[in-house]
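Here's the letter readout for the chains.
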Amino acid sequence: MDILVIQVIHSLLDASILFLIAGGLSLIYGVMRIVHLAHGKLYAIGAYVTAWTVGRLGLGLRRAS
């Protein structure tokens, strides 16, 4: 039961971080009046670079042995 509570709290934390990022980006792009689907490429590149860096530095999830 403790693991479930921890997972729910962690999920809510992750969701709130994503919400803050999305809200900030929509405010920035709304003020700049930029609406293009090309911004998805920027998100994809950022996600790819982040995943590559985490994998390269060995910061990913590890299983307990």
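See above for the structure.
Residues numbered from 1 in each chain as written. Predicted model: local features only at pLDDT ≥ 70, side-chain atom pairs only at ≥ 80, totals over all residues. Heavy atoms only, no water.

Draft legend 1. Examining the overall build of the chain more closely. Assigned secondary structure in the chain consists of two helices and zero strands. Here the chain holds 65 residues, and 3% of them are scored as buried. Accessible area of the chain: about 6,300 Å², with a carbon and sulfur share of 73%. (Helix = DSSP H or I, 4+ residues; strand = E, 2+ residues; numbered from the N terminus. Buried < 20%, exposed > 50% of the residue type's maximum accessible area, 1.4 Å probe, protein only. Areas by Shrake-Rupley, 256 points an atom, 1.4 Å probe, with all protein chains shown as cover.)

Draft legend 2. Broad picture of helix H1 (residues 2-32). For H1, spanning 31 residues, the distance from its first C-alpha to its last is 45 Å, which sits close to the expected 45 Å at 1.5 Å a residue. Taken from the residues just after H1, Arg 33 is the one with a positive phi, measuring 55°. (Expected span 1.5 Å × (residues − 1).)

Draft legend 3. Region of the structure containing a nonpolar patch on the surface. Taken together, the side chains of Met 1, Leu 4, Val 5, Val 8, Ile 9 and Leu 12 define a hydrophobic patch exposed on the protein surface, amounting to about 640 Å² of accessible area. Here Leu 12 lies in helix H1. Since its relative accessible area comes to 57%, Leu 12 is described here as exposed. (Patch = residues over 30% accessible without salt bridge, like charges linked within 9 Å, V, L, I, M, F, W, Y side chains within 5 Å. Salt bridge = Lys/Arg side-chain N within 4 Å of Asp/Glu carboxyl O.)

Draft legend 4. Seen up close, the environment of Tyr 43. In this structure, Tyr 43 sits in helix H2 (residues 39-57). With relative accessibility at 41%, the residue Tyr 43 sits in the partly exposed group. Apart from the residues within four sequence positions on either side, Tyr 43 is in contact with Leu 25 and Tyr 29. (Contact = heavy atoms within 4.5 Å.)

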